[in-house]
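# Structure assessment
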Amino acid sequence: MTANEAESASYDYDLAVIGGGSGGMAVAKKAASYGKKVVLFDFVKPSPQGTKWGLGGTCVNVGCVPKKLMHYAGLLGAGMHDAKAFGWKVGNPEHDWEAMVETVQNHVKMLNFRYRVGLKSAQVTYVNGLARLTGPHEVTCEKRGKETKHTAARVIIAVGGRPVIPDDVPGAREHALTSDDLFSLRTSPGKTLVVGASYIALECAGFMRELGLDVTVAVRSILLRGFDQQVAEKLGDVMKDLGVKFVRPAVPSKIEKTSDGKLEVTLVDSKSGEEVSKGTYDSVFYATGRKADTSGIGLETAGVKVNPNGKIPVENEQTNVEHIFAIGDCTSVDVMFHESHWANPELTPVAVQAGELLASRLYARATEQMDYSLVATAVFTPVEYGCCGLSEEDAIRLYGEDDVETYLFGFGTLEQSAAHRVKHVEGEEEDDMPATNLSKLVCLKSQGEKVIGFHFVGPNAGEITQGFGLAVRLGAKKSDFNKLVGIHPSDAESFCAMGITRSSGVSFVAEGGCGGGVCG
């Protein structure tokens, strides 16, 4: 028996995982695949509005999965306009929110069931209870009013994060919805005020508008903080064309319920504090950020350091306590990337990969560390946005304007251009949508125009960005993109022969109708 085996033999489990989201499940199953005895604790604390859900964490229940399905529902509505242009007789369809939610939640519940089966098949003990550390190696679990104690040689914290609703806005916590509530809401949110300009805010505002709802977005300062700002404003312009109303800079100062059950919201200028507007809405949706769900789980009892924002600082997923680790959205990772420190992206695949690599290092003598840099991601607004690497602003900040060259190409998707997809804004004349797509490469001159930032706005941006993200990770240069022969006609081929730079001052918006390519 090895020293590690002897140590584990004195505990109930080799590994205890607190948190049943994507990262927690991935690390638990991977550890169990190496023959380790693993227990996973998961419990959903209700949202302020009382919403709860099943196993699987944010992604499957109140994040990626239901968000993408509702985004798809919105795209189907826009597609019906195109269908008419191409000869389909689809009448005048109306959207049924309740039917959509039923479909979405049935799929989510199916995934919840599969995850439970998956843990059992992997021989991971699953405990649906609220767990907290009550000693360096001890986890106490509360389930239906009873407490049980469990010991483990190692512990992994994977509790993720929850949406933030401010305490200093009267009526916000009492009346506002968040992403914890929206995807299972049984009745339509109706006329909605979205508070925030994060990707979650814009994604939800976008699909609600595409489903025919009246949507207003209150923006404190800029759109999509941390993302490329040319792209962020592009998305904002497209959403305006679809009928989303923006009030900026503005934040709610109070939310009051009226006698007829509506919500009266006072918006004030986020800089001066002066009142901007007062409006009545059926729902108010907050998407102003998330906070690590680490309070109340006994980290201080085990001696684990926690940052003031609730995140756990880790190095190679290890906390300051030798046998306690943390992965996913609840962690703070100090990443050296392009001469700058970047926090780890709060993304499901990041947590999954970090967890699996950690388990392999702990139990299979592997050495590979998680690389948190150059992680591709996508924003599922009505016109999607995918990116990998640096924004243009960050590239200039890090390397100087003289060392950065940006290539741009604006165009419309072939199919949508042919269908003359129109603006959805009531009262405006029908007109073709503007060139909604934008392809952008940010390059570093001193390294042979190495691509350090990839950005694409257009349909299926996530799928397109995933492939090009590999090229960026492998160090592709602009000349490599030029040598690539495009698939015609497609949006992705726009990256194969981009020739217009920002510094040239020439318009980068295409006038033809071949989508991302050149027809002749």
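Residues numbered from 1 in each chain as written. Predicted model: local features only at pLDDT ≥ 70, side-chain atom pairs only at ≥ 80, totals over all residues. Heavy atoms only, no water.

With that settled, consider the pairing of strand E22 (residues 385-389). Where burial is concerned, most of E22 is hidden: 4 out of the 5 residues are buried. The sheet contact formed by strand E21 (residues 377-379) and E22 spans 3 bridges and is antiparallel. Counterpart to alanine 378 in the pairing with E22 is glycine 386. Where E21 hands over to E22, the hairpin turn is made up of 5 residues, counted between the paired strands. Where E22 meets strand E25 (residues 450-457), 5 bridges bridge the pair, whose relative direction is antiparallel. Of the residues in E25, the one forming a bridge with tyrosine 385 is valine 457. (Buried < 20%, exposed > 50% of the residue type's maximum accessible area, 1.4 Å probe, protein only. Helix = DSSP H or I, 4+ residues; strand = E, 2+ residues; numbered from the N terminus. Pairing = 2+ DSSP bridges.)

Bringing a nonpolar patch on the surface into the picture now. Taken together, the side chains of Tyr72, Leu76 and Met80 define a hydrophobic patch exposed on the protein surface, amounting to about 290 Å² of accessible area. Within the secondary structure layout, leucine 76 lies in helix H4 (residues 64-85). (Patch = residues over 30% accessible without salt bridge, like charges linked within 9 Å, V, L, I, M, F, W, Y side chains within 5 Å. Areas by Shrake-Rupley, 256 points an atom, 1.4 Å probe, with all protein chains shown as cover. Salt bridge = Lys/Arg side-chain N within 4 Å of Asp/Glu carboxyl O.)

This next bit is on the domain arrangement of the chain. If you check the domain split of the chain, you get domain 1 (3-162 + 291-364), domain 2 (164-289) and domain 3 (383-504). Between domain 1 and domain 2, the C-alpha centre-to-centre distance is 27 Å. If you look at the interface, domain 1 gives 26 residues, while domain 2 gives 25 residues. Where domain 1 abuts domain 2, roughly 2,100 Å² becomes buried across the two surfaces, and 58% of that area is made up of carbon and sulfur atoms. The largest per-residue losses of area from domain 1 upon contact with domain 2 belong to Gln49, Lys67 and Trp97, which jointly make up 31% of the total buried on that side. (Domains from an automatic or database assignment. Contact = heavy atoms within 4.5 Å. Buried area = accessible area lost by both parts, 1.4 Å probe.)

If you check helix H13 (residues 461-473), its first and last C-alpha atoms are 17 Å apart, about what 13 residues at 1.5 Å a residue would give, namely 18 Å. If you look at H13, its biggest bend is around 30 degrees, right at glycine 467. Turning to H13, its buried residues are Ala461, Ile464, Thr465, Phe468, Gly469 and Val472. Buried residues along H13 sit in contact with E21, E22, E25 and helix H14 (478-483). Just beyond H13, the residue with positive phi is glycine 475, at close to 85 degrees. (Expected span 1.5 Å × (residues − 1). Bend = angle between axes of the 7 residues up to and from the residue.)

Right, let's get into the nonpolar core. Residues Ile18, Phe41, Leu133, Ile157, Leu441 and Phe454 are the most contacted members of the largest nonpolar core, which totals 58 residues. Summarising the domain contributions, this core has at least three residues from each of domain 1 (3-162 + 291-364) and domain 3 (383-504). Non-local contacts of isoleucine 157, meaning those with residues more than four positions away in its chain, are made with Ile18, Leu133, Ile297, Leu299, Ile312, Ile324, Phe325, Ala326, Ile327 and Cys330. Within the second largest apolar cluster, 48 residues are counted, among which are Ala73, Ala197, Met239 and Leu242. (Core = buried A, V, L, I, M, F, W, Y, C linked by side-chain atoms within 4.5 Å.)

In the structure shown here, the tally under the stated rule is 16 salt bridges. Several salt bridges converge on common partners, so that one network encompasses Asp228, Glu392, Lys440 and Arg502.

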